[in-house]
Amino acid sequence: MIQRLTIDAFAATPETAAVLRQVQIDRQLGKSRLTVEAGGLPAAVAHYAGIATPQVVVVEEGDPAALAEQLEQLADVCEAGTRVVVIGSVNDIALYRSLIAGGVSEYLVRPVSAGQILDALSGLFADPQSAPKGRVIACWGARGGVGSSTLAQNLAWGLGRYLHEAVVYIDLDLAFGTSVLAFNIDAKQTVVDALAHPERLDEVLMERCMVDYDDHLQILASPGDCRIHASISLDSLDHMLDLAARMASVVVLDIPHVWADWTEHLLSVADEVVVTATPDFASLRDAKSLIDVLAPRRGSIAPPRLVLNKVDPSRKTQLTPKDFEETIKVTPSLAIPSEPQVFGEAANNGQMVGEAAKTHKVNQTLNQLVQSLAGKAPSSRKVTPKRSGGLLAWFGK
Ligand SMILES: Nc1ncnc2c1ncn2[C@@H]1O[C@H](COP(=O)(O)OP(=O)(O)O)[C@@H](O)[C@H]1O
Ligand SMILES: [Mg+2]
């Protein structure tokens, strides 16, 4: 089985397209996503002019004379880290060498077989050090009950659907985590099992401990049982995170409201931190002290984002985003309205809000959260990001 990869292929000939479609359904790619498009190398250049490249791009040369020039154009629009596999017509060792020297990962000569393409794909990231690393998003509630877990769950689910890439959600609230209920899943093994034997933990054991929620999202649930007195050691946590980041494009961490070595550590090193606060004084104070503590530790890593949740303008006593901005000097990046009916129904159904109340307008706000944390536009042509109203539009109402 080839690790989870996002691959776009651009065939120039019907023969290669047919072989790629065979590759598409091969069991070795069961965890990956391969899209097959027509138009060969020039189509790839045009396609990525406005959107991000996936982990792997397979291109078939159209015109051998234009190969070098078109590959240069492709290089201009490729993100660092994207691997390029070229299928061409010229069988020449000098050409092969010059392409590899120019940054192409693999050159295959037409006619290619499905097996050759699969071999090339599995060789791309054979060295674990070179494997692409997913981004880690740590979700923290300024206080208990502010909705941090709920947002983390909806965020993880939304990111999988938006990016069409693998997302792993890890519930680190060992004693009281809600992931099993929120996603209505049956987890035979949990994050406690994954953390129990760091020396044995590898991708196979991780897979065994996770539950597939949909095509993109995998959940490493917590037992949510306070009778299990499991503890978390920094070493096993780091090892688990490292594995998860190799297995998925995004790892969403639901961190419980516990101030400990390991929670502080995660909030200091995660690529992104989302602090959820409700518009009240206690949340304001705690968000401020957390952000003050984290700022120097995170150094040049992205500063924590502040999200206001359960906002209800009809409650005259509640604080405003401006109060937060003036006190913490961090502008809330989003305000999510209080919608007890919608969130309550989703929780009762064991579904995400986007599933339980597909057409409700709060989904637009949740989508803004997803898009602001996706870090890039989706790599698939089929998904077009919907930008609605701007981040702070909600405040205007
Ligand atoms: N925007 C919202 N409007 C209404 N209820 C919400 C909202 N966000 C979360 N909730 C509810 O708040 C409760 C606490 O959420 P939870 O995610 O468990 O909080 P935390 O993880 O911060 O302790 C849940 O019942 C959840 O459904
Ligand atoms: Mg929680």
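Residues numbered from 1 in each chain as written. Chains lettered and ligands numbered in written order. Predicted model: local features only at pLDDT ≥ 70, side-chain atom pairs only at ≥ 80, totals over all residues. Heavy atoms only, no water.

J.: Which residues make up the sheet that holds strand β2 (residues 33-38), and what are the values?
T.: Here five strands make up an open sheet; going across it, the order is β2-β1-β3-β4-β5 and the pairing parallel. The open sheet has two edge strands, β2 and β5 (106-109), and neither has a second partner. Ignoring strand direction, the axes of neighbouring strands in this sheet form an average angle of 15°. Of the pairings in the sheet, the one linking strand β4 (residues 83-88) to β5 comprises four bridges and is parallel in character. Note that in β5 the partner of G88 across the bridge is V109. Helix α2 (residues 40-47) contacts β1 (6-11), β2 and β3 (56-60) of the sheet and is inclined by roughly 130° relative to β1. Strands in contact with helix α5 (residues 114-124) are β1, β3, β4 and β5; relative to β5, the strand with the most contacts, it is inclined by about 175°. (Pairing = 2+ DSSP bridges. Helix = DSSP H or I, 4+ residues; strand = E, 2+ residues; numbered from the N terminus. Axes fitted to C-alpha atoms, helices over the stretch in contact; angles between N-to-C directions. Contact = heavy atoms within 4.5 Å.)

J.: Before we move on, can you summarise the pattern of salt bridges with the specific residues and values?
T.: Evaluation of the coordinates by the stated rule reveals 15 salt bridges. One salt bridge in this structure joins D286 and R143, with 2.6 Å as the shortest N-O distance. With a gap of 143 residues between them, D286 in helix α12 (residues 281-298) and R143 in the loop between β6 (135-141) and α6 (148-163) connect regions that are remote in the sequence. Judged by relative accessible area, D286 falls into the buried class, the value being 13%. Residues K361 and E339 are paired through a salt bridge, measuring 4.0 Å at the closest nitrogen-oxygen approach. Of this pair, K361 sits in the loop between α15 (353-356) and α16 (362-374) while E339 sits in the loop between β13 (334-337) and α14 (340-349), and the two are 22 residues apart along the sequence. Of the residues examined, K361 reaches a relative accessible area of 51% and is grouped as exposed. What emerges from the salt-bridge pattern is a single network uniting E60, E61 and R110. (Salt bridge = Lys/Arg side-chain N within 4 Å of Asp/Glu carboxyl O. Buried < 20%, exposed > 50% of the residue type's maximum accessible area, 1.4 Å probe, protein only.)

J.: If you had to explain unusual backbone geometry to someone new, which residues and values would you point to?
T.: Cis geometry marks the peptide bond from R110 to P111; its omega dihedral reads -5°. Positionally, P111 belongs in the loop between β5 and α5. In this model, H164 sits at a positive phi of 55°, which is unusual for a non-glycine residue. Mapped onto the fold, H164 is located in the loop between α6 and β7 (167-171). By relative accessible area, H164 is classed as partly exposed at 23%.

J.: How would you sum up the domain arrangement of the protein? Please name residues and give values.
T.: For the protein, the assigned domains are domain 1 (6-130) and domain 2 (135-396). Between the C-alpha centres of domain 1 and domain 2 the distance comes to 35 Å. (Domains from an automatic or database assignment.)

J.: Talk me through the pairing of β2; I want residue IDs and the actual numbers.
T.: Among the six residues in β2, five count as buried, and that is most of the element. The pairing of β1 with β2 spans six bridges and is parallel. Paired with F10 across the strands is E37, a residue of β2. Read as a crossover between parallel neighbours, the route from β1 over helix α1 (residues 14-24) to β2 is right-handed. (Right-handed = clockwise from strand over helix to strand, strands pointing away.)

J.: Tell me about the site of ligand 1, and name the residues and values.
T.: Contacts to ligand 1 come from 15 residues, most closely from G145, S148, S149, T150 and N309. The separation between an oxygen atom of ligand 1 and a polar side-chain atom of K310 is 2.9 Å. Protein burial of ligand 1: of its 570 Å² of free accessible surface, 75% is covered by the chains. Broken down by secondary-structure element, the contributors of at least two residues to the shell around ligand 1 are α6, β12 (305-311), β13 and α14. It is α6 that contributes the most residues to the shell around ligand 1, three residues altogether. (Near = heavy atom within 4 Å. Polar contact = N/O pair within 3.5 Å; in protein donor to acceptor, adjacent residues only side chain to side chain. Areas by Shrake-Rupley, 256 points an atom, 1.4 Å probe, with all protein chains shown as cover.)

J.: Any chance you could break down the sheet that holds strand β11 (residues 272-277) for me, citing the residues and the numbers?
T.: Here we have eight strands laid out as an open sheet, ordered β8-β9-β7-β10-β6-β11-β12-β13, and mixed in their pairing. Unpaired on one side and paired on the other, β8 (211-212) and β13 mark the two borders of the sheet. Judged from the four bridges that link them, β7 and strand β9 (residues 217-220) form a sheet pairing that is parallel. Note on β9: the bridge partner recorded for Y169 is I219.

J.: Could you give an account of α2, naming the residues involved and the relevant values?
T.: The complete set of buried residues in α2 reads G40, L41, A44, V45 and H47. Across the axial projection of α2, the buried residues extend over an arc of 165°, all falling on one side. Considering only its buried residues, α2 is in contact with β1, β2, β3 and α3 (67-77). (Arc of directions from axis to C-beta.)

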